[in-house]
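Remarks on the overall topology
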Amino acid sequence: MTVQWSRHAHILIIGGGAIGTSLAYHLARDGAKDVLLIEKAQLTHGCTWHAAGLVGQLRGKRNLTRLMQNSVAVFDRLEAETGQAISWKKVGSLRLASSAPRWSEIQRSMGQAKSFGVECQSLSAAEAKALFPYISTEGVEGAAYIPGDGYIDPYSLTMAYAKGGRANGARIEEGICVEEIILEGRRAVGAVTNAGNISCDILVNCAGLWAKRVGNMAGVALAAGIVEHQYFLTEKTLSFDAGLTTLRDPDKNFYLKPDTGSFAIGGWEEGSQGFHRGLPPLDFGRELFAPNMERLEQFALPVAERLPILNETGIQTVINGPIPVSADGEPIMGLAPELDNFYVACGFTAGIAASGGAGLAMANMILHDDAGMDLWQFDVRRFSKVHAQPRYLEARAIEAYASYYMVHWPLEETQSGRNLRLSPIHEHLRRAGAVFGSRAGWERANWFAPAGVEPVDVASFEGKPNWFSHVAEEHRAIRERVALIDQTSFSKFEISGIGAEAALQRIAANDLSGPPGKAIYTQLCNEAGGIEADVTLVHAGPEMFYLITGSSFGLRDSGWVAKHLPASVHIRDVSNAFAVINVCGPQSRAILQSVTDTDVSNGMFPFLTARGLDVGHASVLAVRIGYVGELGYELYVPQEFAAHVYETLWAAGVSHGIADAGYRAIDSCRMEKGYLYWSGDISPDYNPFEAGLGFCVAMDKGDFIGREALVKIKAAGNSRKLCSFTIDGFAPLHGGEAILFDGKVLGSTTSVGFGHTLGKTIAFGYMPTGLAREKEFSIEAFGKAYSARRGVRCLYDAKMERLKS
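Note that the coordinates shown come from a computational prediction; the quantities given were computed from them, not determined experimentally.

Parameters and conventions
Residues numbered from 1 in each chain as written. Predicted model: local features only at pLDDT ≥ 70, side-chain atom pairs only at ≥ 80, totals over all residues. Heavy atoms only, no water. Buried < 20%, exposed > 50% of the residue type's maximum accessible area, 1.4 Å probe, protein only. Helix = DSSP H or I, 4+ residues; strand = E, 2+ residues; numbered from the N terminus. Pairing = 2+ DSSP bridges. Axes fitted to C-alpha atoms, helices over the stretch in contact; angles between N-to-C directions. Core = buried A, V, L, I, M, F, W, Y, C linked by side-chain atoms within 4.5 Å. Contact = heavy atoms within 4.5 Å. Phe/Tyr/Trp six-rings, centres within 6.5 Å; stacked < 30°, edge-to-face > 60°. Lys NZ or Arg CZ within 6 Å of the ring centre and 35° of its normal.

Here's the deal with the pairing of strand β33 (residues 738–741)
Side chains of β33 alternate between two faces, with Ala738 and Leu740 and Ile739 and Phe741 buried alike. In sequence, β33 turns back onto strand β34 (residues 744–755) through a hairpin of two residues, with Asp742 there showing a positive phi of about 55°. Both β33 and strand β36 (residues 776–781) contribute to a ladder of two bridges, which runs antiparallel. Of the residues in β36, the one forming a bridge with Ile739 is Ile779.

Brief notes about the sheet that holds β36
Strand order in the closed barrel made by the six strands is β32-β35-β34-β33-β36-β37, with antiparallel pairing throughout. Between one strand and the next, the sheet's axes are offset by a mean angle of 40°, whatever the strand orientation. Note that β34 and strand β35 (residues 760–768) share six bridges and pair antiparallel. When the bridges of β35 are listed, Gly753 appears paired with Ile762.

Some details on the nonpolar core
Membership of the largest hydrophobic core comes to 51 residues, with the highest contact counts inside it found for Ile11, Ile13, Leu23, Leu27, Val204, Met333 and Leu375. At the level of elements, β1 (7–14), α1 (18–29), β2 (35–39), α2 (62–82), α5 (154–167), β11 (196–205), β18 (342–346) and α8 (351–368) are the ones that each hand at least two residues to this core. Top contributing element to this core by residue count: α8, with nine residues. Setting aside residues no more than four positions away along its own chain, Ile13 makes contact with Gly20, Leu23, Ala24, Leu27, Val35, Leu36, Leu37, Ile38, Val204 and Cys206. If you look at the next biggest cluster of nonpolar residues, it comprises 39 residues, including Ala211, Met217, Leu339 and Val380.

A word on the packing of aromatic side chains
A complete count under the given rule lists 32 aromatic pairs for this structure. Ring centres of Trp376 and Trp678 lie 5.4 Å apart, and the angle between their planes is 80°; this geometry places the pair in the edge-to-face category. Placement of Trp376 in the loop between α8 and α9 (385–388) and of Trp678 in the loop between α17 (663–673) and α18 (707–716) is noted, with a sequence separation of 302 residues between them. Consider the rings of Tyr646 and Trp650, whose centres lie 6.2 Å apart with planes at 25°: the pair is stacked. Taken together, the positions of Tyr646 and Trp650, both in helix α16 (residues 642–653) and four residues apart, correspond to about one turn of that helix. Here the aromatic residues Tyr255, Trp268, Tyr401, Tyr404 and Tyr405 are joined through ring pairs into a cluster of three or more. For the cation-ring pair, Arg444 lies above Tyr663, with the distance from its terminal atom to the ring centre recorded as 3.6 Å.

Thoughts on the environment of Pro337
For Pro337, the position within the fold is in the loop between β17 (332–335) and β18. Overall, the relative accessible area of 22% leaves Pro337 in the partly exposed class. As a C-alpha pair, Pro337 and Ala562 span 225 residues in sequence and 9.9 Å in three-dimensional space. Ignoring sequence-local partners within four residues, the contact set of Pro337 consists of Arg186, Val380, Arg381 and Leu555.

So, unusual backbone geometry
The backbone of Asp797 shows a phi angle near 50°, a positive value even though the residue is not glycine. In this structure, Asp797 sits in the segment after β37 (784–791). Positive phi values are uncommon outside glycine, yet Met800 reaches one of about 65°. Mapping Met800 onto the fold places it in the segment after β37. Look at Met800 and you get partly exposed, because its relative accessible area is 23%.

Set out below in structure tokens:
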């Protein structure tokens, strides 16, 4: 359609809540010109106006914690900078543990705080009561106190962002409702509104409750849901010091913010309701829902047990309003993969606390193409269209909301939206005792429960989980005999067309040259040398490749490749076309040879070979590669033949002691082998050389993305190095633990696991290069320091003799 534009903005922001105004403020403060924010009603009128305003910094990942710390840094300066009062009360936060599992969880968080550089104090019940005198200490196992946390007034904060943005040249206009977004190719070129049509160069969706609807206008599927959230204000009969800390008791399912003569108390109750499946009407305004007293009781009654004074204090007001909750409960940020200039910042359940850091990160992303840190856990590309399907999204959002204050056990899996994407051999695995997890909507076998063992996860913080010995058996099958692993959930893309090889040579750090028939393990780097993706490329034919990556990384990795391909080269998602069956272990060749007429001897089918062959009565693509560090073959099988191939291999392997194995056995094996995991061990924050992946960087092949930066990095040397550490026997590591040398924190664990062949706990972590040759370190977990010895990166089959035999 032809649109007559009324005016133009370089950067157009949709949505005037805390996130949108923070972005306008940070863009303008960083020198961006012609920034326009439009709000359909008035500033704060979505969900900002009824937010509680608690501010907490500590998250489960270092960079997410850094983002929250950046928010606090903004709050610390904003009032003085803008002259707008924001009622920032840096009174700290107190988190109680009212059960033994919760105390373990909090101790784990305190260990992460130490490694992340967040001041956090471990308190007894009596010390907690000294900070918050109103509590009963009955059942309190301990507490954590973070002095740098607090609370803030959401309305005043938003007005300060707006004032600061305007002072730096941003325009903010209210009463302008977006009705349509106009696209030209892969660009959003403007918005049709009730007050004229606005063209733009960059469009940012900060529409809060309406973010999914605005995304739909642009053809961008967002996993941004909405649920009802309640809190109440007590009667103003209380008298307490102005410096009283905020309080959380997740076992009692409540948070508390001191107010003027009263407490604001909320919780994360089960059974909350979704709202319009994430698509509220545009005329929904500054509105609340009727209180749901049955749900309110889920936290109102327990809070009275912890705070007996509430038995003498009435409830003045109940607030039941809509709040954003994404499919996994975390915010959604970044450049939408469907378009080249459409950014999103939405799905913020804790949007007030995150607003300062999120606005800064988004401004950096838009202006400098770098958020300042890797934010994969918030990245819009972690979700696919599966997650954005309205019914699926609502179920996941309600679960994420209700689990906010539940104990988060190590390796826990979501329960809603399950059995959506099933491998062709799913039923085979289920009957074999598979305990499934979920990635990108796929059901994947994590481990197998033998006969007589209930196929459910029973996790532990400080002990061994119930699957420990069973995974050990699967691990031994891989190392000593042979195992079948269903890896159908791999993301798989076909890349083909004139110039495909040349294009991929420029995108990949490794060398892809040579005839078809091989697999290449490689990183895809950005211009700064950071690792954007960690993938396998299979050269299947002339100008035809397959890109293989993790289940959750497909959208991100394919998008990175697609934006660097010439028009003559096409990328196509074939994830659903092929099942993947990994036959691995020292007996895998004998089994495969028994069911195929192709010679798969080492001489004819060496490591990294990729070739079509027949298995039984089916044709497959066999790739001699794997993630467990043993002889093995990944078989890419058309879906309709997968069950036949699995049954054929299984029958051939019975005499060899064949077994099923799951993803937890894969993880145990890959830790022994020193194989890395993107988003944990490597990311855009790290380059291949410091990660020990220099062997994948072909500096002499010609130009490729990141080469210039990597030349400089290699010449200058790295300031840090990824190291492997072992602890004798079992240690309860879960990731993020502090690594110390001579009592000083040097870093944190990036991956952890137990090596069942070695009989040791294994951890990876980055160390300063000057100390990377030291041997004796310690790793802290649950208040205990474990002696950790640095070893070679590859702790198993370092000479690759078994892998390449």
